[in-house]
Amino acid sequence: MLDIQALRHDLTAVAARLATRGFVLDTARFEQLEGERKTIQTRTQELQAKRNTTSKQIGAAKAKGEDVAAIMAEVAHLGDELKQLEAKLEQVQHELNAFLSVIPNAPHATVPHGKSELDNQEVRKWGVPPKFTFEARDHVSIGEGLGGLDFETAARISGARFSLLKGPLARLHRALAQFMLDTHTDRHGYMETYVPYLVNADSMRGTGQLPKFEEDLFKVPRQSGDGRQENFYLIPTAEVPVTNMVRDEIVQLEKLPLKYVAHTPCFRSEAGSYGKDTRGMIRQHQFDKVELVQIVQPEKSYEGLEELLGHAEAILQKLGLPYRVVKLCTGDMGFSAALTYDIEVWLPAQNTYREISSCSNFEAFQARRMQARFRNAQGKPELVHTLNGSGLAVGRTLVAILENNQQADGSVKVPEVLRPYMGGMETIKVS
RNA sequence: GGAGAGGUGGCAGAGUGGUCGAAUGUACCUGACUCGAAAUCAGGCGUAGGUGUAAGCCUACCGUGGGUUCGAAUCCCACCCUCUCCGCCA
C-alpha cells in the first residue's frame, strides 16, 4: 500500500511514478473519494463531539439531582443522523481502502524504465556455460533416463503441472534444500523457521497477494463457528507466512535486522500460463523453495537487498551453476516490489538463462499493509522495510544440476557440496 | 468433542453504566542529588485519524463484529484467540 499522505499531497507526482510501470492511477476517482471522506468525516466528528459533551452534561446534572429532560430532548435526534453518517463514512473509507489496495508499489528511482522482460538490465554474469561433446538433453529426458522423474504417474495422481521424484533424484531434491538451509543459517546468519503452509486472508493482504491476485492462489474453504465461510490459502511462497511474522508488531530497534529462512512447498494455480513451460518441472502447481526474508530499518533496506542477493548467488556459486543477475525494469516488476533483481541460471537444453531466484525490496509497501513497525531512535513507531528473495527455488535448481552436470552416458555428476547430503554419492547413474 | 477460566497501554495489573484514554506498579525519557553510577525525589511517557502556519483543538481505539443507552472497557448477542482439565488423535 502506498502512503495515503503522499497521494493527498503530491498526487500527480505519484501518478507519474506509477505510470512508468504501466499503471494508470485514476486521480479523479481518488480526489472524489478523498473529498467525500473529508466532508463526511468532519461532519461526523462534529456530531460525535456534540453528543459527547451533551452526554457529559447529562451525567453531571443527574449527579446533582437536576432534571435532565430538557437536555435529553436536545440530543435525542442526534442519534439517527450520527448513525447514518457513521455508516456512510465507513463505506467511503472502505472504498478508499479498496482503491488503495490495488495500486502497485512505486518503483525505486534506479529501476530501468521498460515494458517487458526484454527491457531488463543485465547486472553481471557468473560462471561459464558448459560445452558438451554430445547434444545436450533436457532435464525431463535426463531424469526419465535415470528412472527418477515420472510425470506420467504424477499426472495420474494429481494432474498436469505436478512431478514425482524417486530414488537418487528425490534425495538430490532433499539434499538441495538441506544444503541451502544449512548455508543460510550457518554462514549467512538467518534464523531457520518452520511456518504454516495455509494462511488466512489477512496474511495474503499483508504481503500483497490479495485482493488483486486471488486467481493465482489455491483457496481452501473452511467453515467458521457461526457458519460463515472463510478461506485458508495455500502459500504461493514462504514470503507470505514469514513476512507476516511481524504483522501488527512493533519490533525493538536492537532486534533489527530480522533475518529468517524457511524451506516450504509453494502452491500456485498458474492461471493464465496455459501453454507456457508445459514440459518438465520448470512451472509447477507445487514446488519447494528456500526463502530468505529480512525485516530492516528503512535506511538500510537497499544495503540489505544487495546482501540478500549475494546470499542467493552464493548457493549457485557453491553448486557451480552459471548464472546472471538482472535488474527488472518497471514493467516487469511484481505488484509489491520497489526494486527487484532476478537471478537466472543457465539451462543448456533451452540455451538460455531462466529465473531461479527473485530478490526484492518492498520498502514500506508490505509493512504499511501489515502495520509492521519498529521503535525508532526517537522511540516512535515507524514502518519497517521488508525484503525477500529465493535462496533458491529447489525444483529449478535440480533442473539446472541435471542439465549442466549431465554426462555423455546419461549420468549426472553430483556437485561436491551436495555429496555429504547424498551419502557420498559422486554420480547419479542410470539404474 | 465436553467442562471451565480469560483477552485492558512495552510488560504486569485495577477498573461492572457518567469528567475513564483508562488507577497503580514496572520499563523508558528528562531534570535534581552525585566525582560518576546505583538508590531516591520531581516531571514526562499509547496508537491512528481530522483540522490548523503553529500552540492547540477535536474524533476513534480496552480481542473482533453487532446490539441496548442521551452516554459502554463496564450490560446483551455472535465470533476469534489464549490457558486449564477430560476425551480423542499424528
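To be clear, the structure that these remarks concern was listed above.
Cut-off values and rules
- For every chain, the first residue of the written sequence is number 1, and numbering continues from 1 along that sequence.
- Written order decides the labels, with chains lettered from A and ligands numbered from 1.
- The predicted nature of this model means local features are confined to residues of pLDDT at least 70 and side-chain atom pairs, given and counted, to a pLDDT of 80 or more, with totals for whole chains, interfaces and linings taken over all residues.
- Excluding hydrogens and water, the side-chain figures rest on all heavy atoms present in the structure.
- The term salt bridge refers to a side-chain nitrogen of Lys or Arg lying within 4 Å of a carboxyl oxygen of Asp or Glu.
- Only DSSP runs of H or I with at least four residues qualify as helices, and only runs of E with at least two residues qualify as strands; both kinds are numbered from the N terminus onward.
- Summary of the burial criterion: residues with accessible area below 20% of their type's maximum are buried, those above 50% are exposed, and those between are partly exposed, where the area comes from a 1.4 Å probe applied to protein chains only.
- Polar contacts, as used here, are pairs of N or O atoms within 3.5 Å; protein pairs need one atom able to donate a hydrogen and one able to accept it. Residues neighboring in sequence count only if both atoms are side-chain atoms.
- Any two residues having at least one pair of non-hydrogen atoms within 4.5 Å are treated as being in contact.
- Between N-to-C directions, angles span 0 to 180 degrees; the directions come from axes that are lines fitted to C-alpha atoms, helices contributing only their stretch in contact.
- Here a crossing is called left-handed whenever its near helix is offset anticlockwise from the far helix by less than a right angle, and right-handed whenever the offset is clockwise.
- Three residue categories are used. Nonpolar comprises Ala, Val, Leu, Ile, Met, Phe, Trp, Tyr, Cys and Pro, charged comprises Asp, Glu, Lys and Arg, and polar comprises the others, including Gly.
- What counts as a ring pair is set by centres within 6.5 Å for rings of Phe, Tyr and Trp (its six-membered ring), and what kind of pair is set by the plane angle: stacked under 30 degrees, edge-to-face over 60, tilted for all other angles.
- A single heavy atom is enough: if one lies within 4 Å of a molecule or strand, its residue is considered near that molecule or strand.

Caption draft 1: Seen up close, the pattern of salt bridges. Enumeration over the complete set of coordinates arrives at 20 salt bridges. Linking Glu313 and Arg124 is a salt bridge whose minimum nitrogen-to-oxygen distance equals 2.6 Å. Note that Glu313 is positioned in helix H11 (residues 301-319) and Arg124 in strand S1 (residues 121-126), a separation of 189 residues in sequence. With a relative accessible area of 6%, Glu313 lands in the buried category.

Caption draft 2: Here's a closer look at the side chain of Asn388. Structurally, the position occupied by Asn388 is in strand S14 (residues 385-393). At 3.3 Å, the side chain of Asn388 and the side chain of Glu239 are in polar contact. Beyond its immediate chain neighbours, meaning those up to four positions away, Asn388 contacts Glu239, Glu291, Leu292, Val293, Leu308, Ser358, Cys359, Ser360 and Phe362.

Caption draft 3: How the structure looks around the packing of helix H8 (residues 167-186) against helix H13 (residues 394-404). The N-to-C vectors of H8 and H13 enclose an angle of 115°; their axes lie 10 Å apart at closest approach. Crossing of H8 against H13: the hand is right-handed. From H8, Leu169, Leu172, His173, Leu176, Ala177 and Met180 reach across to H13, where they touch Val394, Gly395, Thr397, Leu398, Ile401 and Leu402. Of the residues that constitute the contact of H8 with H13, the class distribution is nine nonpolar, three polar and no charged.

Caption draft 4: Main features of the packing of aromatic side chains. The final tally for this structure, using the stated rule, is eight aromatic pairs. Between Phe179 and Tyr421, the ring centres sit 6.4 Å apart and the planes meet at 70°, which makes this aromatic pair edge-to-face. Residue Phe179 is located in helix H8, and its partner Tyr421 is located in the loop between strand S15 (412-413) and strand S16 (427-428); the two are separated by 242 residues in the primary sequence. Taking the relative accessible area as the measure of exposure, Phe179 reaches 5% and is therefore buried.

Caption draft 5: Focus on the protein's contact with RNA strand B. Near RNA strand B you find 24 residues, and of these Arg8, Lys38, Gln41, Gln48 and Ser55 are the closest. Near the protein, within 4 Å, the atoms of RNA strand B are sugar or phosphate in 75% of cases. Lys38 is positioned such that a nitrogen or oxygen atom in its side chain is 3.1 Å from a phosphate oxygen of RNA strand B. Interatomic distance of 2.7 Å between a backbone N/O atom of Ser55 and a base nitrogen of RNA strand B. Mapped by element, the contributors of at least two residues to the surface near RNA strand B are helix H1 (4-9), helix H3 (27-63) and helix H4 (69-76). Counting residues per element, the surface near RNA strand B draws most heavily on H3, which supplies 13 residues. Here the surface near RNA strand B is composed, by residue class, of six nonpolar, nine polar and nine charged.

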